[in-house]
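Chain residues, written in single-letter form:
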Amino acid sequence: MKIKIERYDENYLAVTFPEGFNNDLLNAVRVIPGRRWLYEKKVWLIPDTPLSKKMISESISIIENKEINEMKKFPFFKDIEKLKNILAAKHYSPKTVIAYEKWVRLFLMEYKDVPVVGQEEINEYLTKLAVKHKVSASTQNQAMAALLFYFRFIKNADSDSLNGVIHAKYRKRIPVVLSRDEVLKIISLMEGSKQLAVQILYGTGMRLNEVLSLRIMDVDFELNEIIVRHGKGGKDRHVILPQSLVYKIKEQIENVRNIHNQDLADGWGKVELPSSYEKKYSGAGKEFCWQWLFPQKNRWVNTDSGEEGRWHLDESLLQKAVKKAVLESGITKPATCHTFRHCFATHLLEDGYDLRTIQELLGHSDVRTTMIYTHVLNNRKASVVSPLDRLQ
């Protein structure tokens with residue numbers, strides 16, 4: 001789908017077109033009451049209301065059906081469907097399925113008039129991504145992985161016939177790391193649940209989506225730990241529970257309890273459960289232990305069934321809150337939510353903790369990934385004196 005909808009602020013949703021505009025997509029937005037165009041950001045804003053959501057949802061459904069009907073005219077349509085089914089069967093994450101489907105679809109559309117496609121066309125396409133579209137090395141390699149998966153599992157191509165596929169070389173980047181005083185300054189400029197979420201980011205080293213996906217049941221005050229479920233690579237792990245946050249987290253849990261009780265009184269209170277839990281444990285979605293630690297402000301509404309539910313705080317809201325705090329602090333480093341994970345690891349190294357311990361807390365599969373923080377630490381401890389300083 002060529003339309004992207006994400007949270008802009010508490011009252012508006014942002015609508016963008018990652019793969020370019022077309023009349024159908026533009027008209028779907030233009031008919032929504034209260035919509036407005038932000039020229040400086042090249043984004044449409046639509047009110048976060050049931051009417052707007054219903055209108056955009058119905059328009060997207062119509063456009064998608066139209067695109068599917070157009071896609072069915074091409075012989076590779078069944079391959080795309082088969083690709084998504086195999087990815088799902090192998091338990092690839094939903095984001096990976098969407099990304100792989102997009103790259104394979106774009107590739108096949110690019111070479112729809114070529115009778116037989118293979119390694120030569122793959123390399124030509126990857127070169128075009130790098131040279132013409134100037135994508136990053138990680139994006140190029142994601143496209144490469146998607147195409148290799150397609151040719152190996154859908155077209156049953158021999159591995160030898162794909163050995164020469166271009167692999168982009170990653171450039172090693174030293175992560176942005178804040179000092180302890182800078183971390184404290186940014187956090188002090190935030191408030192409420194967003195401040196608590198950032199404190200957990202820094203205090204545990206968790207990723208942004210891991211913090212926002214926390215449920216009440218994941219916080220264990222008895223064992224002083226937080227359980228990260230379905231982290232990167234689908235792995236679970238345990239992280240430390242900062243003692244300075246115990247009171248604030250308990251207070252947040254009581255706030256969630258009040259929200260949940262009100263949702264139940266309104267006839268709702270159900271959250272989405274992972275995998276097949278809903279079938280296995282009927283009604284578990286309404287139990288308090290399954291509720292999000294950071295629920296969103298408004299309930300979502302299913303325009304077809306009328307059912308209402310609540311999702312966790314949107315990533316973009318926390319990202320914007322952090323960006324605002326960084327700007328207000330006067331700190332010139334390009335700090336983001338992920339920066340606090342880098343700070344967590346670097347500051348633990350400064351405190352004398354070993355790499356293996358930090359590796360486990362971060363959930364890295366390979367200790368070499370964790371070793372990047374030793375370079376940061378070594379740079380901070382450099383004892384070389386500039387010759388310019390000796391002239392003073």
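Structure report, in brief. None of the values given here were measured: they were computed from a predicted structure. (Residues numbered from 1 in each chain as written. Predicted model: local features only at pLDDT ≥ 70, side-chain atom pairs only at ≥ 80, totals over all residues. Heavy atoms only, no water.)

What follows covers the overall build of the chain. Along the chain, the regular secondary structure elements total 16 helices and 9 strands. Viewed in the frame of its principal axes, the chain has a C-alpha envelope of about 65 × 65 × 45 Å. Burial statistics for the chain: of 392 residues in total, 41% are counted as buried. In the form shown here, the chain has an accessible surface area of approximately 22900 Å², with 52% of it arising from carbon and sulfur atoms. Across the chain, the mean location of the 59 positive side-chain charges is 4 Å away from that of the 49 negative side-chain charges. (Helix = DSSP H or I, 4+ residues; strand = E, 2+ residues; numbered from the N terminus. Buried < 20%, exposed > 50% of the residue type's maximum accessible area, 1.4 Å probe, protein only. Areas by Shrake-Rupley, 256 points an atom, 1.4 Å probe, with all protein chains shown as cover. Lys, Arg positive; Asp, Glu negative; His and termini not counted. Charge placed at Lys NZ, Arg CZ, Asp CG, Glu CD.)

Counting 43 residues, the largest nonpolar core has Ile 200 and Leu 318 as the members making the most contacts within it. Of all the secondary structure elements, the ones that give two or more residues to this core are helix 7 (180-188), helix 8 (192-204), helix 9 (208-212), strand 6 (225-228), helix 10 (246-265), helix 12 (315-329) and helix 13 (339-350). Among the elements that make up this core, the one with the highest residue count is helix 12 (6 residues). Not counting chain neighbours up to four residues away, the residues in contact with Leu 318 comprise Met 190, Lys 194, Ala 197, Val 198, Leu 201, Leu 208, Leu 212 and Cys 337. (Core = buried A, V, L, I, M, F, W, Y, C linked by side-chain atoms within 4.5 Å. Contact = heavy atoms within 4.5 Å.)

The next subject is the pairing of strand 4 (residues 43-47). With 5 of its 5 residues buried, strand 4 lies for the most part within the structure. Here strand 4 shows no split at all, with Val 43, Leu 45 and Pro 47 on one side and Trp 44 and Ile 46 on the other all buried. Relative to strand 4, strand 2 (residues 12-16) is paired through 4 bridges, and the arrangement is antiparallel. When the sheet's bridge partners are listed, Leu 13 is paired in strand 4 with Ile 46. Note that strand 3 (residues 36-38) and strand 4 share 3 bridges and pair antiparallel. Across the sheet, the residue bridging to Leu 38 is Val 43, located in strand 4. Taken together, strand 3 and the strand that follows it, strand 4, pair antiparallel across an intervening segment of 4 residues, in which Lys 42 is found at a positive phi of about 55°. (Pairing = 2+ DSSP bridges.)

To continue, consider the sheet that holds strand 5 (residues 219-220). Pairing is antiparallel in the open sheet, where 3 strands are placed in the order 5-6-7. If you trace the sheet from one side to the other, it starts and ends with strand 5 and strand 7 (237-240), each paired once. Relative to strand 7, strand 6 runs antiparallel, the two being bridged by 4 bridges. Residue pairing across strands places Ile 226 opposite Val 239, the latter belonging to strand 7.

Because each turn of an α-helix spans 3.6 residues, side chains separated by three or four positions in sequence point in the same direction. With 17 residues, helix 6 (residues 137-153) ought to run about 24 Å at 1.5 Å a step, and its terminal C-alpha atoms sit 24 Å apart, in line with that. Buried within helix 6 are the following residues: Gln 140, Asn 141, Ala 143, Met 144, Ala 146, Leu 147, Leu 148, Phe 149, Tyr 150 and Phe 151. Its buried side turned inward, helix 6 meets helix 3 (77-89), helix 4 (94-110) and helix 5 (119-131). (Expected span 1.5 Å × (residues − 1).)

The way to describe two aromatic rings as a pair is by their centre distance and the angle between their planes. Scanning the model with the defined rule gives 10 aromatic pairs in all. Judged by centre distance (5.5 Å) and plane angle (80°), the rings of Phe 107 and Tyr 125 are edge-to-face. Here Phe 107, found in helix 4, pairs with Tyr 125, found in helix 5; they are 18 residues apart in sequence, far enough to count as distant. One exposure class covers both Phe 107 and Tyr 125, and it is buried. Taken together through their ring pairs, the aromatic side chains of Phe 107, Tyr 111, Tyr 125, Tyr 150 and Phe 151 make up a single cluster. Across the ring face of Trp 103, the terminal group of Lys 102 is positioned such that the distance to the ring centre comes to 4.3 Å. Across the ring face of Phe 288, the terminal group of Arg 257 is positioned such that the distance to the ring centre comes to 4.2 Å. (Phe/Tyr/Trp six-rings, centres within 6.5 Å; stacked < 30°, edge-to-face > 60°. Lys NZ or Arg CZ within 6 Å of the ring centre and 35° of its normal.)

Examined against the element boundaries, Asp 79 turns out to sit in helix 3. Residue Asp 79 is classed as buried on the basis of its relative accessible area, which comes to 16%. When neighbours within four sequence positions are excluded, Asp 79 is seen to be in contact with Tyr 150, Ile 154 and Lys 155.

It is worth spelling out the pattern of salt bridges at this point. Using the criterion set out here, one finds 18 salt bridges in the structure. For the salt bridge of Glu 210 with Arg 237, the shortest nitrogen-to-oxygen distance reads 3.0 Å. Of this pair, Glu 210 sits in helix 9 while Arg 237 is found in strand 7, placing the two residues 27 residues apart along the sequence. Judged by relative accessible area, which is 5%, Glu 210 ranks as buried. (Salt bridge = Lys/Arg side-chain N within 4 Å of Asp/Glu carboxyl O.)

Further remarks concern the environment of Lys 84. Within the secondary structure layout, Lys 84 lies in helix 3. Assessed through its relative accessible area of 29%, Lys 84 is described here as partly exposed. Spatially, the C-alpha atom of Lys 84 lies 9.9 Å from that of Tyr 150, the residues being 66 residues apart in sequence. With residues up to four places along the chain from it excluded, the contact list for Lys 84 reads Val 97 and Glu 101.

Let us now look at the pairing of strand 1 (residues 4-7). Where strand 1 and strand 2 come together, 4 bridges link them in antiparallel fashion. Directly across from Glu 6, in strand 2, lies its bridge partner Ala 14. If you look at the hairpin formed by strand 1 and strand 2, you'll find 4 residues sitting between the two strands.

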